[in-house]
Amino acid sequence: MNGKLHERAQQLMAKRRIESVSDEEQVWLAAHLAECEACTALDAQTQSALSAFRAMNIELPRNLAERTQLRVRLRAEELPARNPGRFFLWAIAGVSWLLGLASAPLVWRGFEWAGGQLGLPRIVWQAGVVLWWLVPGIVATGTILLQKWARTNVTE
Ligand SMILES: [Zn+2]
């Protein structure tokens, strides 16, 4: 069995946690896991790390992103049309979440690689992945709040 097969299996395992995989990919992965101890062990290890996250009440980024997008949309709908600047900020917040989702498998693998190079425990680099997702949203929200605060204080 060559390294490319394991690489593909690991990509699919990461992808499966973040988005859905096709039936064909699912079948391929199941077949690979059935005969590959290394990938099965990796999958189990990742699963237990993620369970530990859930036990710590940290929700998976996917749920967080969905809820935030909903909030951004609701917020955008109630904005008056005369305030395009604010809408623009919310749009940026939404786009940053979408980009975060799109780059998710890549980010996951990047952190996994870096964690392996530095010899970090899985929980540490996985916390890094979570932060990667949270930070753009926090920055965007902070900007909006700051803008709101500034306007309130200027008009008074
Ligand atoms: Zn394998």
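Given the structure is predicted, the values throughout are model-derived calculations rather than measurements. (Residues numbered from 1 in each chain as written. Predicted model: local features only at pLDDT ≥ 70, side-chain atom pairs only at ≥ 80, totals over all residues. Heavy atoms only, no water.)

Student: Please clarify how helix H6 (residues 104–118) should be interpreted in this entry.
Tutor: What sets the pattern is the α-helix's 3.6 residues per turn: residues three or four places apart point alike. Taking 1.5 Å of rise per residue, 15 residues should cover 21 Å, and H6 covers 21 Å from first to last C-alpha, within 8% of that figure. For H6, the full list of buried residues reads Ala 104, Pro 105, Val 107, Trp 108 and Gly 115. Down the axis of H6, the buried side of the element spans an arc of 165 degrees, and every buried residue falls inside it. Exposed side chains of H6 directed beyond 90 degrees from the buried face belong to Leu 106, Trp 113 and Gln 117. Following H6 by one or two positions, Gly 119 has its phi on the positive side, about 70 degrees. (Helix = DSSP H or I, 4+ residues; strand = E, 2+ residues; numbered from the N terminus. Expected span 1.5 Å × (residues − 1). Buried < 20%, exposed > 50% of the residue type's maximum accessible area, 1.4 Å probe, protein only. Arc of directions from axis to C-beta.)

Student: Looking at this model, I keep getting lost on a nonpolar patch on the surface. Mind explaining?
Tutor: Residues Leu 118, Leu 120, Ile 123 and Val 124 make up a contiguous nonpolar surface patch of roughly 340 Å² in combined accessible area. Mapped onto the secondary structure, Leu 118 falls in helix H6. (Patch = residues over 30% accessible without salt bridge, like charges linked within 9 Å, V, L, I, M, F, W, Y side chains within 5 Å. Areas by Shrake-Rupley, 256 points an atom, 1.4 Å probe, with all protein chains shown as cover. Salt bridge = Lys/Arg side-chain N within 4 Å of Asp/Glu carboxyl O.)

Student: I would appreciate a short explanation of the environment of Ala 104 in the present structure.
Tutor: Checked against the element boundaries, Ala 104 lands in helix H6. A residue is classified by how much of its surface remains accessible, and Ala 104, at 0% relative accessible area, is buried. Residues Ala 104 and Val 129, 25 residues apart in the sequence, show an inter-C-alpha distance of 8.6 Å. Setting aside residues no more than four positions away along its own chain, Ala 104 makes contact with Ile 18 and Trp 133. (Contact = heavy atoms within 4.5 Å.)

Student: Explanation requested: the coordination of the zinc ion in the structure shown.
Tutor: Six octahedral donors around a metal ideally subtend angles of 90 or 180 degrees, whereas four tetrahedral donors ideally subtend 109.5 degrees. Protein ligation of the zinc ion involves His 6 (ND1), His 32 (NE2), Cys 36 (SG) and Cys 39 (SG), the donor distances falling in the range 2.0 to 2.3 Å. Around the zinc ion, the four donor atoms sit at angles spanning 103 to 117 degrees, and that spread fits a shape best called tetrahedral. Motif for the zinc ion, donor spacing along one chain: H-x25-H-x3-C-x2-C. Judged by its relative accessible area of 1%, Cys 39 is buried. (Donors = N, O, S within 2.8 Å, 3.2 Å for Na, K, Ca; no water. Tetrahedral: all angles 85-135°; square planar, octahedral: opposite > 155°, others 65-115°.)

Student: Explanation requested: helix H1 (residues 3–18) in the structure shown.
Tutor: Relative to the 22 Å expected for 16 residues at 1.5 Å per residue, H1 spans 23 Å between its end C-alpha atoms, a close match to the ideal helical length. Those residues of H1 that fall on the buried side of the exposure criterion are Ala 9, Leu 12, Met 13, Ala 14, Arg 17 and Ile 18.

Student: What exactly am I supposed to notice about the packing of H1 against H6 here?
Tutor: Between two packed helices, the angle of one axis relative to the other and the distance separating the axes together describe the packing. The geometry of H1 relative to H6 is characterised by a closest axis approach of 9 Å and an angle of 125 degrees between their N-to-C directions. By the angle class used here, H1 and H6 are oblique. Relative to H6, the crossing made by H1 is right-handed. Contacts between H1 and H6 involve Glu 7, Gln 11, Ala 14 and Ile 18 from the former and Ala 104, Pro 105, Trp 108 and Arg 109 from the latter. (Axes fitted to C-alpha atoms, helices over the stretch in contact; angles between N-to-C directions. Parallel < 35°, antiparallel > 145°, perpendicular 65-115°, else oblique. Left-handed = near helix turned anticlockwise from the far one by under 90°.)

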